Amino acid sequence: MKIPPFKEINPPNKNGYWINPKTKESYGGQYISPLLIPNLQKVEKCFEKAIKDKKFMKGLEEKLLTFIGVNTPILRSTELENLIGGARKVGKIYLKRTDLHHDSSHKPVNSFSSCYMAKHIFKAKKIICETGASMHSRSVAAACAMLKMDCEVHIGAVDAEKVSLNKDISELYGAKIVVVHDSTKSLLPAMASALRSWQSNPDAMYVVGSVAGPSPYPRMVRTWASVIGRIAKQQFKQITGKVPSTLFCVCGGGSNLMSMAYPLLKDKTEIFAVESAGEGIPTGRHGATILGGSKMGILLGFKSKVVMKSAQIAESLTEASGLDFAAVGPEVAYLHDIGKIKFRSTTDMEAKKTFLMCCEKLGIVPAIEACYVINAAIKEIKKRKNPRENHLIHLCGSGESNVARMIKFKRENE
Amino acid sequence: MKIPPFKEINPPNKNGYWINPKTKESYGGQYISPLLIPNLQKVEKCFEKAIKDKKFMKGLEEKLLTFIGVNTPILRSTELENLIGGARKVGKIYLKRTDLHHDSSHKPVNSFSSCYMAKHIFKAKKIICETGASMHSRSVAAACAMLKMDCEVHIGAVDAEKVSLNKDISELYGAKIVVVHDSTKSLLPAMASALRSWQSNPDAMYVVGSVAGPSPYPRMVRTWASVIGRIAKQQFKQITGKVPSTLFCVCGGGSNLMSMAYPLLKDKTEIFAVESAGEGIPTGRHGATILGGSKMGILLGFKSKVVMKSAQIAESLTEASGLDFAAVGPEVAYLHDIGKIKFRSTTDMEAKKTFLMCCEKLGIVPAIEACYVINAAIKEIKKRKNPRENHLIHLCGSGESNVARMIKFKRENE
Amino acid sequence: MNKNFQEMFAKAKQEKRGSLIGFATGMDPNYKTSKKILIEMSKHCGAVEVGIPFNTSTSDSATIMDANMRAIKAGANTEKIFKLIKEVKSEIKNNVPFLIMTYMNPVYRYSIKKFAKKCKTSNVDGLIIVDSNNNSPEDKELSKELKKINVAYVKLVAPTNDEAFIKETLKKCSSWIYVVSYAGLTGSKQVNLGNVKKISKLIRKNSKIPIGVGFGIRTKSDVSKVIKIADATIVGSGIVDIVGKNSKNHNLTKKIGSYLKNLKKGLNKQR
Amino acid sequence: MNKNFQEMFAKAKQEKRGSLIGFATGMDPNYKTSKKILIEMSKHCGAVEVGIPFNTSTSDSATIMDANMRAIKAGANTEKIFKLIKEVKSEIKNNVPFLIMTYMNPVYRYSIKKFAKKCKTSNVDGLIIVDSNNNSPEDKELSKELKKINVAYVKLVAPTNDEAFIKETLKKCSSWIYVVSYAGLTGSKQVNLGNVKKISKLIRKNSKIPIGVGFGIRTKSDVSKVIKIADATIVGSGIVDIVGKNSKNHNLTKKIGSYLKNLKKGLNKQR
Ligand SMILES: Cc1ncc(COP(=O)(O)O)c(C=O)c1O
Ligand SMILES: Cc1ncc(COP(=O)(O)O)c(C=O)c1O
């Protein structure tokens with residue numbers, strides 16, 4: 001198996017901005033203390049060097065294939081089709097199985113690639129990262145273990161409780177866990193804490209968990225992560241002879257979305273991103289950055305759509321720690337604003353029921369994050385009712401760390 | 001990817017026995033109440049029919065590839081090599097990553113295949129199985145969920161406590177859990193309980209979790225499971241140009257051993273099976289059927305080496321629920337007695353330390369069962385000191401369900 | 001045919017009634033009490049079946065599994081059960097035949113030849129091995145050895161078995177054949193008379209061997225119904241239940257006695 | 001240059017001493033107390049820096065993060081902080097310049113043009129935006145707007161920055177430049193004099209702009225050492241610490257007063 005090569009198709013400008021040609025609105029940039037500017041310049045240089053370095057890329061791709069196991073299958077799910085009338089009514093439904101990755105989510109592809117670059121090109125001895133569902137920290141910690149680097153993980157106190165399995169695994173991998181009690185005690189303050197720590201450790205490299213952060217992170221992360229989509233596109237063509245008619249991904253920050261959507265941006269695939277509607281968007285208690293009507297804001301080094309209460313970053317409320325990010329990556333906001341990506345949402349209750357349904361009907365324990373996309377995809381596909389379409393859903397994680405909460409939910413609801 | 005076809009190379013005789021040509025000792029057979037004889041005959045007929053049914057096999061293999069994800073990678077581990085002097089001194093070490101399977105162990109390949117046969121050929125509506133580490137029940141329950149069959153799981157009360165994550169997942173998949181309080185409250189009484197339940201439900205199909213049980217189970221399970229080894233052999237030849245010099249697998253009942261060893265039985269690969277030495281074989285508190293010097297015995301429908309105390313099946317004592325099986329499958333005992341498979345052992349303490357080592361140095365959370373084989377392999381490879389050898393270790397499971405116990409062990413030992 | 005069984009069936013025939021065969025696990029709850037239980041049983045039963053407990057049984061219900069575990073805890077093993085039967089037989093006045101019921105492993109581990117010999121020297125009249133398969137080398141050896149010494153080899157047939165299997169089984173079976181009344185565990189369901197009729201017919205088609213029916217027989221009325229079809233009826237869980245619930249009760253043997261006395265009332269063949 | 005800052009530096013030069021710039025988060029712990037604190041600070045400091053709190057700050061230590069959270073809880077927002085400064089400035093007798101310190105988001109959300117105008121109408125003399133990048137469109141607009149109305153745009157440079165970056169920064173910087181003394185967060189380490197010397201040299205090579213040094217300055221001795229190299233020194237965590245620990249103490253402003261009085265003793269330029 002060879003990984004299809006990367007082609008840059010939607011580059012930001014030299015200052016790290018995507019510009020909306022109609023509104024002239026800019027997305028991205030580098031809003032950060034001058035202290036970190038040299039670090040960011042170095043990350044950018046290392047990244048440029050890395051993607052051109054054939055030996056580096058060969059080494060990286062081998063590890064992605066054999067350590068992360070990035071060549072995961074695409075599963076035709078007649079079970080899902082049958083829930084909404086069968087393939088003859090709604091078309092075929094396929095699941096990209098990144099739940100089968102090492103450390104069970106799409107995250108390790110970016111995490112490992114970034115750490116591998118940190119080790120071999122940036123020459124860092126230590127990695128700093130933040131985490132929400134701890135999927136990111138778990139995979140960063142795994143990479144650091146294998147690459148013999150120190151690893152410091154910042155996690156919000158609320159999340160540390162919610163997904164303790166992943167947190168414990170990060171610790172087994174040798175990561176130092178910093179529990180963050182600031183503000184919402186979730187992903188955003190954890191990321192702020194990680195960036196603050198980087199200022200005190202400029203020799204370390206920071207590894208972000210989504211397509212967010214100051215330039216060059218959004219571009220770098222989607223480039224690394226797009227390995228998933230490049231393979232998926234090739235597989236899908238082999239299976240169906242075509243690119244997918246529709247693509248469905250969940251969207252917290254947007255890394256799993258961009259991992260799959262990026263290589264399809266110039267194709268005629270209709271791309272859907274799914275946000276967490278929490279208790280319902282009208283209640284205000286949700287995690288839907290785009291569909292909640294968020295304005296442009298500047299935080300954590302970048303400019304994008306941000307959930308705010310006046311000028312403060314607001315709480316994003318959702319069952320899924322991995323979606324608890326009060327913003328979307330700048331390229332995602334840009335792609336939404338130019339109409340390339342459509343948005344849908346799923347409430348927490350719908351997602352939890354979808355979790356049980358997936359266990360009982362598919363024999364799959366999905367990450368709770370993935371349940372938002374499955375639910376929304378089913379709703380959309382049912383509405384389209386087009387038997388000629390081939391739908392692709394990104395099953396972006398496995399739900400071992402959600403089992404404790406979900407078995408309680410099951411028992412309470414029976 | 002196409003799965004290399006199965007070739008029968010070590011068939012039992014028509015009564016389900018392997019016969020040692022020197023000693024005339026027989027292994028296997030069908031020691032069970034006459035009530036179950038017709039069921040076993042039906043299972044055997046279905047199996048014969050299944051492996052010759054091209055459409056069935058095509059359907060099965062597609063699901064193995066896309067649902068179970070059986071095409072897992074082989075990882076070169078320079079990290080393990082470097083622990084014992086580097087490749088230049090000890091040769092190259094490769095890990096077969098069945099930890100990346102759906103439901104995270106080698107078990108789903110047999111479980112799914114058996115259930116698929118139960119559904120499409122046996123025409124059962126219900127599956128009965130036993131489980132130790134719950135890896136088997138988890139994967140049987142997943143298969144039943146996807147195939148819309150009922151699932152009844154028998155689990156020893158002690159194991160139910162030890163690996164509650166897997167048990168909870170089995171429950172999420174919709175399995176009915178029967179907790180068994182008999183005798184040692186572990187895998188063997190659970191299997192006895194499952195067989196007893198089958199007698200009351202002859203329309204159900206029983207699915208065993210290792211290469212054990214009455215004929216045709218030992219042969220059927222190793223045939224299904226050998227998909228893993230057939231793929232691994234092909235991959236290994238692609239990577240190194242040769243078959244492995246050595247193969248290391250852990251051995252509880254022997255399913256993960258046979259899954260890899262079977263396709264290599266006629267090759268010049270030296271095959272090592274690793275047993276749990278528990279607190280040390282001399283203490284008597286261990287799970288080492290072969291190295292503990294067990295005699296031939298008859299239990300749970302088959303004749304093989306069995307850990308006994310006079311005529312009673314004795315407790316097998318080990319940290320690893322998945323190895324807590326006081327016997328080895330009959331074909332395994334036979335292959336040992338004719339000298340084809342060599343045995344090694346690892347104590348619980350060594351295995352637990354290996355668990356922490358794998359997390360910290362490899363970035364992999366192995367199933368505790370897999371730690372026995374990694375430890376023994378390292379010891380053996382170091383002793384061989386042959387730089388021209390290519391070693392293959394079966395990393396047969398992922399350790400999410402061991403995390404709770406192991407993080408306690410880590411904290412207590414720091 | 002074993003002489004004591006021959007006598008048992010002959011006498012019953014003469015008296016126009018069926019025979020009651022009682023089962024208890026040897027050494028449950030301990031050696032001494034078990035001895036008393038078996039002696040009491042020999043007073044009421046046509047034959048007594050004694051279990052050598054096996055901790056990994058594949059056919060017993062929870063009731064008998066518990067009895068197995070109690071006996072093992074009390075130190076039961078093959079040797080001691082033989083001793084127990086021998087002592088009981090020497091103390092009782094009549095020729096009530098005694099059978100051993102067990103799984104293949106205890107026999108195999110003891111050595112098949114030695115086990116057969118020990119049956120003879122311990123005055124054991126018959127043997128039932130739940131998990132002995134007609135095709136196994138052990139079954140062949142065992143049936144050969146038992147034949148030599150005239151110890152009954154009582155084999156099981158179940159409602160799921162076809163005629164071919166029954167024929168195969170009849171070849172080895174001696175003294176009588178054990179019909180399992182339903183698909184399930186000892187004592188887990190109600191006796192299934194339809195099954196019993198069906199299998200008995202198949203057996204009668206091929207042999208004149210006496211038929212004993214077991215599994216699910218607990219009451220006088222069960223006994224009465226079964227005895228209309230078969231020659232003997234085996235009662236196990238009903239007895240073992242009393243042992244389990246009264247293991248420390250002074251009246252244990254008395255209770256078993258009156259339970260059996262009542263069952264016996266159902267043995268009459270005539271309406 | 002902003003007139004009030006001009007005066008401040010001129011007077012200090014005349015008196016052969018450096019200037020002390022005190023920082024506190026606006027509305028920490030609440031509007032009323034904060035007002036008293038700022039008034040007290042204006043009595044001792046050459047200039048007063050008021051923070052508009054931001055809950056997702058990327059450069060503040062726990063001390064200032066806590067102050068931010070206290071102020072937000074007390075209802076702080078951009079509008080109220082402007083009001084606070086305006087009131088304070090109207091009540092104090094002198095021309096002590098006031099700066100706002102914040103992050104780009106509050107400014108951007110307020111609208112950059114409106115924010116600049118509001119600085120003017122609220123008598124704000126300068127602005128520090130920690131995360132404003134020289135290349136961002138917001139930074140360009142902001143520096144243009146502030147220039148129009150003579151509000152100082154004080155920019156940060158750090159020990160990790162090279163000369164090119166410093167030159168770029170100097171182009172936009174007005175009134176004075178803020179030198180971060182170490183790689184780390186406000187108040188998290190000891191002032192690093194080596195860094196300060198190195199950067200000051202680079203600045204002096206390119207400009208005559210007054211230099212203020214912040215991060216890690218807490219004691220009279222810190223002040224004294226820094227003032228040998230720079231024109232001003234910024235003390236933040238030292239003051240915020242006192243607020244955090246005494247937010248309900250009647251003597252809070254007095255404590256801040258005596259803390260600042262002591263620091264001032266280190267401002268003398270001569271040995
Ligand atoms: C399994 C899984 N899916 C999705 C996400 C969402 O993140 P993003 O939108 O950045 O891909 C996460 C984040 O932790 C995750 O763990
Ligand atoms: C991960 C894992 N490895 C190994 C085993 C051992 O079983 P066997 O020897 O039958 O392959 C088990 C059994 O549960 C298991 O879960």
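Going by the structure above, here's the rest.
These numbers were taken from a predicted model, which means no experiment stands behind them. Sequence order as written defines residue numbering, which begins from 1 separately in each chain. Each chain takes a letter, starting from A, and each ligand takes a number, starting from 1, following the order in which they are written. A pLDDT threshold of at least 70 governs which residues receive local features in this predicted model, and a stricter bar of 80 or more applies before side-chain atom pairs are shown or counted, although totals over entire chains, interfaces and linings include all residues. Hydrogens and water molecules were not included; the side-chain quantities draw on all heavy atoms of the structure.

### A few points about the nonpolar core
Line of reasoning, step 1. Judged by nonpolar contacts, the single largest core of 482 residues is most densely connected at Met117 and Met205 of chain A together with Met117 and Met205 of chain B.
Line of reasoning, step 2. Methionine 205 of chain B has contacts with Val43, Ser114, Met117, Ala118, Phe122, Ala124, Lys126, Ile127, Ile128, Trp198, Tyr217 and Met220 of chain B, leaving out every residue within four places of it along the chain. What we call a nonpolar core is a set of buried Ala, Val, Leu, Ile, Met, Phe, Trp, Tyr and Cys residues that are connected through their side-chain atoms within 4.5 Å. For the exposure calls, accessible area comes from a 1.4 Å probe over protein chains only, and a residue counts as buried if that area is under 20% of its type's maximum, exposed if over 50%, partly exposed in between. Note on contacts: a residue pair is in contact if any heavy atoms of the two residues lie within 4.5 Å.

### Notes on the site of ligand 1
All names here are of chain A.
Line of reasoning, step 1. As a structural note, the neighbourhood of ligand 1 is formed by 19 residues, with Ser210, Gly252, Gly254, Ser255 and Asn256 the closest of them.
Line of reasoning, step 2. Between N or O atoms, a polar contact is any pair within 3.5 Å; within protein, one atom must be a potential hydrogen donor and the other a potential acceptor, and residues adjacent in sequence are included only when both atoms are from side chains. A distance of 2.7 Å separates an oxygen atom of ligand 1 from a polar atom in the side chain of serine 255.
Line of reasoning, step 3. Surface burial for ligand 1 is 97%, taken as the share of its 390 Å² of free accessible area covered by protein chains.
Line of reasoning, step 4. The nonpolar class holds Ala, Val, Leu, Ile, Met, Phe, Trp, Tyr, Cys and Pro. Asp, Glu, Lys and Arg form the charged class, and all remaining residues, Gly among them, are polar. Residue classes in the shell around ligand 1 are distributed as seven nonpolar, 10 polar and two charged.
Line of reasoning, step 5. How far each domain reaches was decided by an automatic or database domain assignment. Mapped onto the domain boundaries, the shell around ligand 1 takes at least three residues apiece from domain 1 (39-54 + 106-222) and domain 2 (67-104 + 226-413). Throughout this document, a residue counts as near a molecule or strand when at least one of its heavy atoms sits within 4 Å of that molecule or strand. Exposure was quantified through the Shrake-Rupley algorithm and a 1.4 Å probe, taking into account, for residues, occlusion by the shown protein chains and nothing else.

### So, the pattern of salt bridges
Line of reasoning, step 1. For this analysis, a salt bridge means a side-chain nitrogen from Lys or Arg found within 4 Å of a carboxyl oxygen belonging to Asp or Glu. Within this structure, the stated rule accounts for 84 salt bridges over all chains.
Line of reasoning, step 2. Here glutamate 81 of chain B ties to arginine 76 of chain B by a salt bridge, and the two come within 2.7 Å at their closest N and O atoms.
Line of reasoning, step 3. Using a relative accessible area of 23% as the deciding quantity, one classes arginine 76 of chain B as partly exposed.
Line of reasoning, step 4. Two residues, glutamate 319 of chain B and arginine 405 of chain B, come together in a salt bridge whose shortest N-O distance is 2.9 Å. Taken together, the residues span a long stretch of sequence, with glutamate 319 of chain B in the loop between strand 14 (312-313) and helix 13 (330-337) and arginine 405 of chain B in helix 16 (residues 403-412) at a distance of 86 residues.
Line of reasoning, step 5. A relative accessible area of 13% places glutamate 319 of chain B in the buried class.
Line of reasoning, step 6. Overlapping salt bridges bring together Glu8, Glu48, Lys52, Arg219, Arg222 and Glu331 of chain A as one network. To qualify as a helix, a DSSP run of H or I must reach at least 4 residues; to qualify as a strand, a run of E must reach at least 2; elements of each kind are numbered from the N terminus.

### Observations concerning the interface of chain A and chain B
Line of reasoning, step 1. Across the boundary between the two partners, chain A contributes 42 residues, which contact 42 residues of chain B.
Line of reasoning, step 2. Two parts placed together each lose some accessible area; with a 1.4 Å probe, that loss summed over both constitutes the buried area. The three residues of chain A that bury the most area against chain B are Thr66, Leu172 and Glu400 of chain A, which together make up 18% of that side's buried surface.
Line of reasoning, step 3. Applying the counting criterion to the chain A and chain B interface returns six salt bridges.
Line of reasoning, step 4. Measuring nitrogen to oxygen at the nearest pair gives 2.9 Å for the salt bridge that ties arginine 411 of chain B to glutamate 171 of chain A.
Line of reasoning, step 5. At the boundary of chain A and chain B, one finds 14 residue pairs in polar contact (both at pLDDT 80 or more).
Line of reasoning, step 6. When residues in the side of chain A that touches chain B are grouped by element, the largest group, six residues, is from helix 14 (residues 348-362) of chain A.
Line of reasoning, step 7. The residue inventory of the side of chain A that touches chain B, partitioned by class, reads 23 nonpolar, six polar and 13 charged.

### A word on the sheet that holds strand 9 (residues 232-235) of chain D
Residue and element names in this part refer to chain D.
Line of reasoning, step 1. Two strands make a pair as long as DSSP finds a minimum of two bridges between them. Pairing in this open sheet of nine strands is parallel, and the strands run 5-4-3-2-1-9-8-7-6 from one edge to the other. Among the strands making up the open sheet, the edge pair consists of strand 5 (152-153) and strand 6 (155-157).
Line of reasoning, step 2. Sheet topology places strand 1 (residues 19-25) next to strand 2 (residues 47-51); five bridges connect them, and they run parallel. When the sheet's bridge partners are listed, glycine 22 is paired in strand 2 with valine 48.
Line of reasoning, step 3. Every angle, taken between N-to-C directions, lies between 0 and 180 degrees, and every axis is a line fitted to C-alpha atoms, over only the stretch in contact when it is a helix. The strands touched by helix 10 (residues 220-227) within the sheet are strand 1, strand 8 (211-214) and strand 9, with strand 9 carrying the most contacts at an inclination of about 150°.

### Here we look at the site of ligand 2
All names here are of chain B.
Line of reasoning, step 1. Taken together, 17 residues sit near ligand 2, with Ser210, Gly252, Gly254, Ser255 and Asn256 positioned nearest.
Line of reasoning, step 2. The side chain of serine 210 places a nitrogen or oxygen atom 2.3 Å from an oxygen atom of ligand 2.
Line of reasoning, step 3. In the model, an oxygen atom of ligand 2 is placed 2.6 Å from a nitrogen or oxygen of the asparagine 256 main chain.
Line of reasoning, step 4. Expressed as a share of its isolated accessible area of 390 Å², the protein-covered part of ligand 2 is 97%.
Line of reasoning, step 5. When residues of the shell around ligand 2 are assigned to domains, at least three fall in each of domain 1 (39-54 + 106-222) and domain 2 (67-104 + 226-413).

### Description of helix 1 (residues 3-14) of chain D
Residue and element names in this part refer to chain D.
Line of reasoning, step 1. Between the first and last C-alpha of helix 1 there are 16 Å, a value that for 12 residues agrees with the 16 Å anticipated at 1.5 Å per step.
Line of reasoning, step 2. Among the residues of helix 1, those classed as buried are Asn4, Phe5, Met8, Phe9 and Ala12. Projected down its long axis, helix 1 carries its buried residues within an arc of 130°, all on one side. Among the exposed residues of helix 1, those oriented more than 90 degrees off its buried face are Lys3, Lys13 and Gln14.
Line of reasoning, step 3. Measuring from the side-chain oxygen of the N-cap residue of helix 1 to the backbone nitrogen of asparagine 4 gives 2.9 Å; that N-cap residue is asparagine 2.
Line of reasoning, step 4. Count one or two residues on from helix 1 and you reach lysine 16, which has phi positive near 50°. One less than the residue count of a helix, multiplied by 1.5 Å, gives the span that helix is expected to have. Here, the arc refers to the directions that run from the helix axis to the C-beta atoms.

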